[in-house]
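# Per-entry structural report
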Amino acid sequence: MNTGSDEPGGAAMADGERKAEQPLGSRAPEFIKARRALHLSWQVGVFVVGLAVVVAGVIMLPLPGPGWLVIFGGMAIWATEFVWAQLVLRWTKRKVTEATQRALDPAVRRRNIILTTVGLVIVAALCAVYLWKFGFEMPWNIKE
């Protein structure tokens, strides 16, 4: 995966400066990493727990619940052990930061406020037409 950096363990910063980032790799305790079988079983356990959390988040996407938050929580669980998940989380954090900076731009905020206002005026006009034509009658009770 391209992280925007040629150096191992680092990601490119938008302004060219490097923040102190944790090194990539397993965060398992040393006594677990020292034994191959124990470390492998630790990784399997982390993967299974992270998978359960991610699946719960995917289920929450169409259902009530904080789906994306739970999915990112599962990715964070995976990131405690797997480099690929750490890289995905770093990429995601970078993209969210960039999107936040773009959204805070005054011109973009002004455009969003104008579009929201226009949308609300259209919805209000449609509701007014409906109420003028049918009154407070529910759509499934209209006899026409």
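Numbers given for residues are sequential positions, taken from 1 along each chain in its written order. It should be noted that, the model being predicted, local features are given only for residues of pLDDT at least 70 and side-chain atom pairs only at 80 or more, the latter also being counted only at that level, while totals for whole chains, interfaces and linings use all residues. Hydrogens are left out, water is left out, and the side-chain values use all remaining heavy atoms of the structure.

Numbering of helices and strands starts at the N terminus; helices are DSSP runs of H or I of at least 4 residues and strands are runs of E of at least 2. The secondary structure content of the protein chain amounts to five helices and zero strands. Secondary structure elements in the protein chain, listed N-terminal to C-terminal, are α-α-α-α-α. The classification of residues rests on relative accessible area computed with a 1.4 Å probe and restricted to protein chains. Under 20% of the type maximum is buried, over 50% is exposed, and intermediate values are partly exposed. By residue count, 20% of the 144 residues in the protein chain fall in the buried class. Considering only contacts in the protein chain between residues 6 or more positions apart, those separated by 24 or more positions represent 41%. Surface accessibility of the protein chain: about 10,900 Å² in total, with carbon and sulfur atoms responsible for 69%. Contacts are assigned to residue pairs that have any heavy atoms within 4.5 Å of one another. Computed by Shrake-Rupley with a 1.4 Å probe, the accessible areas treat only the displayed protein chains as cover when residues are assessed.

The tendency in soluble globular proteins is for nonpolar side chains to be buried as a group. Remark: nonpolar core denotes a set of buried residues (Ala, Val, Leu, Ile, Met, Phe, Trp, Tyr, Cys) joined through side-chain atoms within 4.5 Å. Residues V46, V54, M75, W78, A79, F82, A85 and L89 constitute the largest nonpolar core, which totals eight residues. Residue assignment for this core shows that the elements contributing at least two residues are helix 2 (36–60), helix 3 (67–79) and helix 4 (83–103). Ranked by residues supplied to this core, first place goes to helix 3 with three residues. Among all residues touching F82, those that are not within four sequence positions of it are Q43, V46 and F47.

Moving on, we come to the environment of I32. With respect to the helices, strands and loops of the structure, I32 is situated in helix 1 (residues 30–33). For the pair I32 and W42, spaced 10 residues apart in the sequence, the C-alpha separation amounts to 7.6 Å. Setting aside residues up to four positions removed in sequence, I32 forms contacts with L38, H39 and W42.

The score called pLDDT rates the predictor's confidence residue by residue, from a low of 0 to a high of 100. Averaged over all residues, the pLDDT of the protein chain equals 81, while 81% of them reach at least 70. Across residues 1–17, confidence stays below pLDDT 50; counting only partners more than four residues off in sequence or on other chains, it has 28 contacts.

In this section: the packing of helix 2 against helix 3. At a minimum axis distance of 7 Å, the contact between helix 2 and helix 3 shows a crossing angle of 170°. Relative to helix 3, helix 2 is oriented roughly antiparallel. Residues V46, F47, V49, G50, L51, V53, V54, A56, G57, V58 and M60 of helix 2 lie in contact with helix 3, whose contacting residues are G67, V70, I71, G73, G74, M75, I77 and W78. Each residue is assigned to one of three groups, with Ala, Val, Leu, Ile, Met, Phe, Trp, Tyr, Cys and Pro labelled nonpolar, Asp, Glu, Lys and Arg labelled charged, and all others, Gly among them, labelled polar. Each residue belonging to the contact of helix 2 with helix 3 can be placed in one class, and the counts come to 14 nonpolar, five polar and no charged. To define axes, lines are fitted to C-alpha atoms, for helices over the stretch in contact only, and angles between the resulting N-to-C directions are given on a 0 to 180 degree scale. Angular relationships are summarised with four words: roughly parallel below 35 degrees, roughly antiparallel beyond 145, roughly perpendicular across 65 to 115, and oblique for the angles in between.

Time to look at a nonpolar patch on the surface. A contiguous nonpolar patch, built from L40, V44, F47, V48, L51, V55, I59, L63 and W84 and spanning about 790 Å² of accessible area, is present on the exposed surface. Considering each element in turn, the nonpolar patch owes the most residues, seven residues, to helix 2. The topology assignment puts L63 in the loop between helix 2 and helix 3. Excluding any residue in a salt bridge, patches collect residues exceeding 30% relative accessible area, merging like charges within 9 Å and nonpolar Val, Leu, Ile, Met, Phe, Trp and Tyr side chains within 5 Å. Salt bridge, as applied in this entry: a Lys or Arg side-chain nitrogen positioned within 4 Å of an Asp or Glu carboxyl oxygen.

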